[in-house]
Amino acid sequence: MDIRNHLLKRLSDGKFHSGEALGEALGVTRMAVWKHLKALRETGISLEVVRGKGYCLPGPVELLDGQRIRSGLGAGTRARLGPVEVLLEVDSTNNRLREQALNGAPTGAVCVAEQQHAGRGRQGRTWVSPFGENLYLSLLWRSRAGAAALGGLSLVAGIAVLRSLKEQGIHQAGLKWPNDILVNGAKLAGILIDVTGESSGPCAAIIGIGLNVCMSRSAAAGIDRSWVDLHTLTGRADLSRNRLAAGLLDKLLPAIELFESQGMQPFMEEWRQHDIVDGRQIELHLPNEVIQGRGCGIDPAGALLVETSTGRRRFASGEVSLRVSS
Ligand code: BTN
């Protein structure tokens, strides 16, 4: 573990630590402590500095920890999961894993980060990713079936997220095609899938999940849509992101394996039960047109079905943005 990780670990109790005490504990000078903490602040971590008291984080934080994530997994997932990389900061865990995939990372490799500087959402949106507050997790999945067969993958990942939320006592979450997990219209989690490789040959899918766990108002100031986090929904201050990551992976891995062997079919009913678009008036924003109609569920390829004035039409996710009007 490098010195910045060590420093954050010490500070993770949310209490003040003097530069001297930190230096002593880590075997470095006070000046070195100051330099490293300055560098950490420059990455976006809000560190309080008070003369005579020292440094502290805004509150206690359980840092992400690969060992803890692994030990929280069920035995089956643990045996099949690839390496888990934990980063203090990254542009985007999806970008990182895409690089790793190009360098031969195995299927099941995972990347989680404390913060993302360029967290990505669908359609070029930014995914706000402050330090230590939420979960930013990506999983690499290699498939022989080719990119064209992965149309439903983002929907299956959504179902896996929903299943893991149920284990946290969240039963009211719904799925908004293709990738939003919402509670009463407020976004709790989102999924972004990047696929590289061939359309009908070997390809690598990077399944990125952002889950709002305990987001500070200041960090969320830039979000222009309604959002919610697990802390608000459960009232629990002791949510462990390591356990949440393990719970997520425990649901994700078997779901993807089942999808790979049987497609969307085993998931159709569960999607229908949680589909918040079904029967609602919607607007679909395509690059060159806006479609109005009524949501009618999905087809077995994961495409959205819409009843329009000219008949029933299907839409693959791609560059489609969906608004629910009533
Ligand atoms: C969306 O709802 O638009 C998708 C959001 C996906 C965010 C996650 S956070 C982990 C991974 N890394 C990214 O840059 N994006 C995804």
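What you are looking at is a predicted structure, and each value in this text was computed from that prediction instead of being measured.

(A) A look at the overall build of the chain. Secondary structure summary: the chain contains 11 helices and 14 strands in total. Here the C-alpha radius of gyration of the chain, 21 Å, is about what a compact globule of 326 residues would show, namely 20 Å. For the chain, restricting intrachain contacts to residue pairs at least 6 apart in sequence, the fraction spanning at least 24 positions comes to 65%. Taken together, the 38 basic and 33 acidic charged side chains of the chain have centroids lying 2 Å from each other.

(B) The site of the ligand, seen in detail. Ser92, Gln116, Arg120, Arg122 and Lys187 are the nearest of the 21 residues found near the ligand. At a separation of 3.1 Å, a nitrogen atom of the ligand approaches a polar side-chain atom of Thr93. In the model, an oxygen atom of the ligand is placed 2.7 Å from a nitrogen or oxygen of the Arg122 main chain. Against a free-state accessible area of 420 Å², the protein chains account for coverage of 99% of the ligand. Contributions of two or more residues to the shell around the ligand are made by helix H6 (93-102), strand E5 (135-143), strand E8 (186-197) and strand E9 (203-211). No other element matches the 4 residues that E8 contributes to the shell around the ligand. Residue classes in the shell around the ligand are distributed as 6 nonpolar, 11 polar and 4 charged.

(C) Looking closely at unusual backbone geometry. Residue Pro178 follows Trp177 across a cis peptide bond; omega there is -5°. Its location among the elements puts Pro178 in the loop between strand E6 (174-176) and strand E7 (180-183). Backbone geometry at Gln123 places phi at a positive 55°, although glycine is not the residue there. Among the secondary structure elements, Gln123 is positioned in the loop between strand E4 (110-113) and E5.

(D) Looking closely at helix H7 (residues 153-167). The end-to-end C-alpha distance of H7 is 22 Å, a good match for the 21 Å that 15 residues give at a rise of 1.5 Å each. Across the 15 residues of H7, 12 count as buried, placing the element largely inside the fold. Every buried residue of H7 is listed here: Leu153, Ser154, Leu155, Val156, Ala157, Gly158, Ile159, Ala160, Val161, Leu162, Ser164 and Leu165. Looking at the residues trailing H7, positive phi occurs at Gly169, about 85°.

(E) Examining the sheet that holds E6 more closely. Here we have 7 strands laid out as an open sheet, ordered E3-E4-E5-E9-E8-E7-E6, and mixed in their pairing. Here the strands that pair on one side only, and so sit at the sheet edges, are strand E3 (84-87) and E6. Strand-to-strand twist in this sheet, taken as the mean axis angle between neighbours without regard to direction, amounts to 20°. Direction of pairing for E7 relative to E8: antiparallel, over a ladder of 4 bridges. Note that in E8 the partner of Ile181 across the bridge is Ala189. Sitting on the sheet, H6 is in contact with E3, E4, E5, E8 and E9, with an inclination near 30° to E5. Across the face of the sheet, H7 comes into contact with E6, E7, E8 and E9 while running at roughly 140° to E8.

(F) Molecular detail of the domain arrangement of the chain. What the domain assignment reports for the chain is domain 1 (3-56), domain 2 (66-272) and domain 3 (277-321). A separation of 24 Å is found between the C-alpha centroids of domain 2 and domain 3. Residue-level contacts link 13 residues of domain 2 with 16 residues of domain 3. Approximately 1,100 Å² of surface area, both sides summed, lies buried where domain 2 meets domain 3, with 61% of it carried by carbon and sulfur atoms. It is Gln123, Trp177 and Met268 that lose the most area in domain 2 upon contact with domain 3, and together they represent 54% of the buried surface on that side. At the surface where domain 2 touches domain 3, the tally comes to 0 salt bridges. Across the side of domain 2 that touches domain 3, the residue classes tally to 6 nonpolar, 4 polar and 3 charged.

(G) Region of the structure containing the environment of Gly74. Relative to the assigned elements, Gly74 resides in the loop between helix H4 (66-71) and helix H5 (75-80). For the pair Gly74 and Ala109, spaced 35 residues apart in the sequence, the C-alpha separation amounts to 16 Å.

Here is what the cut-offs are and how they apply
- Starting from 1, residues in each chain are numbered consecutively following that chain's sequence as written.
- With pLDDT at 70 or above as the cut-off, local features in this predicted model cover only qualifying residues; side-chain atom pairs require 80 or more to be listed or tallied, and sums for whole chains, interfaces and linings still use all residues.
- Water and hydrogen atoms play no part in the side-chain values, which are based on all heavy atoms of the structure.
- Secondary structure elements are taken from DSSP: a helix is a run of H or I of four residues or more, a strand is a run of E of two residues or more, and numbering for both begins at the N terminus.
- Atoms counted for the radius of gyration: C-alpha only. Globule rule: 2.2 Å times the number of residues to the power 0.38.
- Here a residue-residue contact requires only that any non-hydrogen atoms of the pair lie within 4.5 Å.
- In this tally Asp and Glu are treated as negative and Lys and Arg as positive; neither His nor the chain ends contributes.
- Note that the charge is assigned to NZ on lysines, CZ on arginines, CG on aspartates and CD on glutamates.
- One heavy atom suffices: a residue is near a molecule or strand as soon as one of its heavy atoms comes within 4 Å of it.
- Polar contacts, as counted here, are pairs of nitrogen or oxygen atoms within 3.5 Å of one another; within protein the pair requires one atom able to donate a hydrogen and one able to accept it, and residues that are adjacent in sequence qualify only if both atoms are side-chain atoms.
- Where accessible areas are quoted, they stem from the Shrake-Rupley method and a 1.4 Å probe; at the residue level, only the protein chains shown are allowed to cover.
- Lys, Arg, Asp and Glu make up the charged group, whereas Ala, Val, Leu, Ile, Met, Phe, Trp, Tyr, Cys and Pro make up the nonpolar group; the residues left over, Gly among them, are polar.
- Given a helix with a known number of residues, its expected span is that number minus one, times 1.5 Å.
- For the exposure calls, accessible area comes from a 1.4 Å probe over protein chains only, and a residue counts as buried if that area is under 20% of its type's maximum, exposed if over 50%, partly exposed in between.
- Only strands joined by at least two bridges in the DSSP assignment are considered to pair.
- Convention adopted: a line fitted to C-alpha atoms gives each axis, helices being fitted over their contacting stretch, and angles between N-to-C directions are expressed from 0 to 180 degrees.
- Segmentation into domains, and thus their bounds, comes from an automatic or database assignment.
- Two parts placed together each lose some accessible area under a 1.4 Å probe, and the buried area is that loss summed for both.
- The rule for a salt bridge is simple: a side-chain nitrogen of Lys or Arg has to be within 4 Å of a carboxyl oxygen of Asp or Glu.

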